[in-house]
Amino acid sequence: MPGHEIPGSIPRPKHIAIIMDGNGRWAYRQHLPRVAGHRRGAEVVREMVQACAENGIPHLTLFAFSTENWRRPPLEVRLLMNLFRLLLRREIRKLHDNGVRLRIVGDRDSLEPDLQEMIRGAESLTAGNRRLHLNLAVNYGGRWDIVQASRKAVLELRAAGEDPGHLSEERIAAHLSLADTPNPDLLIRTGGEQRISNFLVWQLAYTEFYFTDTLWPDFGRESLEVALRSFGQRQRRFGRTGDQILDGSCASE
Ligand code: IPE
Ligand code: IPE
Ligand code: MG
């Protein structure tokens, strides 16, 4: 997908994905418990949602809890789950009033039943909103996503009496968590690490990456602007040559 182009302006991403990393280190530096970093991080989420809505960026996907984060100390896991509860309880009305559609992506079956119930409520309340599509990845893993989508695609083939050899990229992609959303144009990872950590491994195939040392709790509107400027300067080729792009060939996947 090409950037979102307004004549005379730099291309803007239609979909930003963010690996929000560095909460723990932010807290250590302030001599605070790790959970203080997560709390501050949740405030930055609020600010980013607002900034994306104001900048006309229609899709935002945030990595909040990975399938590997269950390996953390049980207390930290419990506190993180409580933070999601708080977000769903306290923020959902405001998100709804601001035209935000909230969806949780990930394997929700292993979340606690009350949390699953809150997720269902929040998703159905905001289902009709279109200003900003906010996807929160909770208990999400890119490999999990590919496996669950492949299973569904195989079952579909079998039900249609088709040969499993007909399994294709399109059929798998149709069942991925963000199937109805354009692939991310820009991935931002805060906190200095330069890795994917099992985020949207399929969907990031042609995404532009932006890594910053800024810790997530310190990330703000200006940091987002810097990332957007960097994105605006990239030439997205999708396998073509630079000359083809300059000649006006459509720059899309
Ligand atoms: C990201 O911050 C939040 C989650 C993974 C839930 P971290 O908690 O990973 O912070 P660091 O990497 O330890 O600083
Ligand atoms: C990635 O951060 C997951 C989230 C931001 C939710 P981690 O802090 O878990 O990643 P690693 O373990 O350093 O790769
Ligand atoms: Mg981390």
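Let me begin by describing the structure that accompanies this report. Keep in mind that this is a model prediction, so the values were computed, not measured. (Residues numbered from 1 in each chain as written. Chains lettered and ligands numbered in written order. Predicted model: local features only at pLDDT ≥ 70, side-chain atom pairs only at ≥ 80, totals over all residues. Heavy atoms only, no water.)

A look at the side chain of Glu 91
For the record, the criterion: Labels follow the DSSP assignment, with helices taken as runs of H or I lasting at least four residues and strands as runs of E lasting at least two, numbered in each case from the N terminus. Contacts described as polar in this section are N or O atom pairs within 3.5 Å, which, within protein, must combine one atom able to donate a hydrogen with one able to accept it, while residues neighboring in sequence count only if both atoms come from side chains. Any two residues having at least one pair of non-hydrogen atoms within 4.5 Å are treated as being in contact.
Following the sequence through the fold, Glu 91 ends up in helix α3 (residues 74-97). Among the polar contacts made by the side chain of Glu 91, one reaches the side chain of Arg 46 at a distance of 2.9 Å. Residues within four places of Glu 91 in sequence aside, it is in contact with Arg 46 and Leu 86.

A closer look at the layout of surface pockets
Think of a ball as big as a water molecule: rolled over the atoms, this probe shows where empty space is left. Threshold: Note on definitions: the grid is 1 Å and covers protein atoms alone; a cavity is a set of points where a 1.4 Å probe fits but cannot get out; a pocket is an open set with protein on both sides within 12 Å along at least five of seven lines; lining residues have an atom within 4 Å of a point. Grid points are joined across faces, edges and corners, and a volume is the space filled by probe spheres set on the points. Just so you know the grouping, Ala, Val, Leu, Ile, Met, Phe, Trp, Tyr, Cys and Pro go in nonpolar, Asp, Glu, Lys and Arg go in charged, and all remaining residues, Gly too, go in polar.
Approximately 1,100 Å³ is the volume attributed to the largest pocket. Lining the largest pocket are 43 residues, with Met 20, Asn 23, Val 45, Ala 64 and Trp 216 sitting closest to its centre. Mapped by element, the contributors of at least two residues to the lining of the largest pocket are α1 (23-29), α2 (34-54), β2 (59-66), α3 and β4 (132-140). It is α2 that contributes the most residues to the lining of the largest pocket, 12 residues altogether. A breakdown of the residues in the lining of the largest pocket according to their chemical character gives 18 nonpolar, 10 polar and 15 charged. Reported here for the second largest pocket is a volume of approximately 370 Å³.

Considerations on α2
Rule in force here: Multiplying 1.5 Å by the helix residue count minus one yields the expected span of that helix.
A rise of 1.5 Å per residue sets the reference length of α2, with its 21 residues, at 30 Å; its end C-alpha atoms lie 31 Å apart and thus fit the reference within 8%. One or two steps after α2, the chain reaches Gly 56, where phi turns positive at roughly 70°.

Section: the site of ligand 2
This is how the line gets drawn: Whether a residue is near a molecule or strand depends on its heavy atoms: it is near if one of them lies within 4 Å of it. Methods summary: accessible areas were calculated by the Shrake-Rupley approach with a probe of 1.4 Å, and residue burial reflects only the protein chains presented.
By nearness alone, every residue bordering ligand 2 is listed as Ile 19, Met 20, Asp 21, Phe 63, Ala 64, Phe 65, Asn 69, Arg 72, Arg 189, Arg 195 and Ser 197. In the environment of ligand 2, an oxygen atom lies 3.2 Å from a nitrogen or oxygen atom belonging to the side chain of Asp 21. Arg 195 is positioned such that a nitrogen or oxygen atom in its side chain is 2.8 Å from an oxygen atom of ligand 2. For ligand 2, the accessible surface in isolation is 390 Å², of which the surrounding protein chains cover 78%.

Regarding the sheet that holds β4
The condition that has to hold: The pairing criterion is simple: DSSP has to find at least two bridges between the two strands. All axes are obtained by fitting lines to C-alpha atoms, using only the stretch in contact for helices, and the reported angles, taken between N-to-C directions, cover 0 to 180 degrees.
On the basis of which strands lie adjacent, the open sheet formed by 6 strands has the order β3-β4-β2-β1-β5-β6 and parallel pairing. For this open sheet the edge positions go to β3 (100-105) and β6 (208-211), each flanked by a neighbour on one side alone. The mean inter-strand angle of the sheet, taken between neighbouring strand axes irrespective of direction, is 20°. Here β3 runs beside β4; their pairing, made up of 6 bridges, is parallel. Bridging from a neighbouring strand, Arg 101 pairs with His 133 of β4. Most of the contacts of helix α7 (residues 221-232) go to strand β5 (residues 186-189), to which it runs at about 140°, and overall it touches β1 (15-19), β5 and β6.

Structural notes on the packing of aromatic side chains
Our working definition: Each aromatic pair joins two rings of Phe, Tyr and Trp (for Trp, the six-membered one) with centres within 6.5 Å, and gets the label stacked for planes under 30 degrees apart, edge-to-face for over 60, and tilted for any other angle. A simple rule labels every residue: compare its accessible area, found with a 1.4 Å probe on the protein chains alone, to the largest value its type can have, and call it buried under 20%, exposed over 50%, or partly exposed in between.
Scanning all chains against the criterion turns up 8 aromatic pairs. A centroid spacing of 6.2 Å and a plane angle of 85° characterise the contact between Phe 63 and Tyr 140, whose relative ring orientation is edge-to-face. You can see Phe 63 sitting in strand β2 and its partner Tyr 140 sitting in strand β4, a full 77 residues away along the chain. The exposure class assigned to Phe 63 is buried, which follows from its relative accessible area of 7%. Judged by relative accessible area, Tyr 140 falls into the buried class, the value being 0%. Taking the centre distance of 6.0 Å and the plane angle of 80° together, the rings of Tyr 140 and Trp 144 count as edge-to-face. Counting every residue linked through ring pairs, the aromatic cluster contains Phe 63, Tyr 140, Trp 144 and Phe 199.

Observations concerning the site of ligand 1
Taken together, the neighbourhood of ligand 1 is formed by Met 20, Asp 21, Gly 22, Asn 23, Gly 24, Arg 25, Arg 34, His 38, Ala 64, Asn 69, Arg 72 and Leu 80. Contact between ligand 1 and Asp 21: an oxygen atom at 2.9 Å from a side-chain N or O atom of the residue. A distance of 2.7 Å is found between an oxygen atom of ligand 1 and a side-chain nitrogen or oxygen belonging to Arg 72. Isolated, ligand 1 exposes 380 Å² of accessible area, and the fraction of that covered by the protein chains is 86%.

Thoughts on the pairing of β2
Burial analysis of β2 places 7 of its 8 residues in the buried class, the great majority of the element. Relative to β2, β1 runs parallel, the two being bridged by 5 bridges. Paired with Ile 19 across the strands is Phe 63, a residue of β2. Direction of pairing for β2 relative to β4: parallel, over a ladder of 7 bridges. Paired with Thr 61 across the bridge in β4 is Asn 135.

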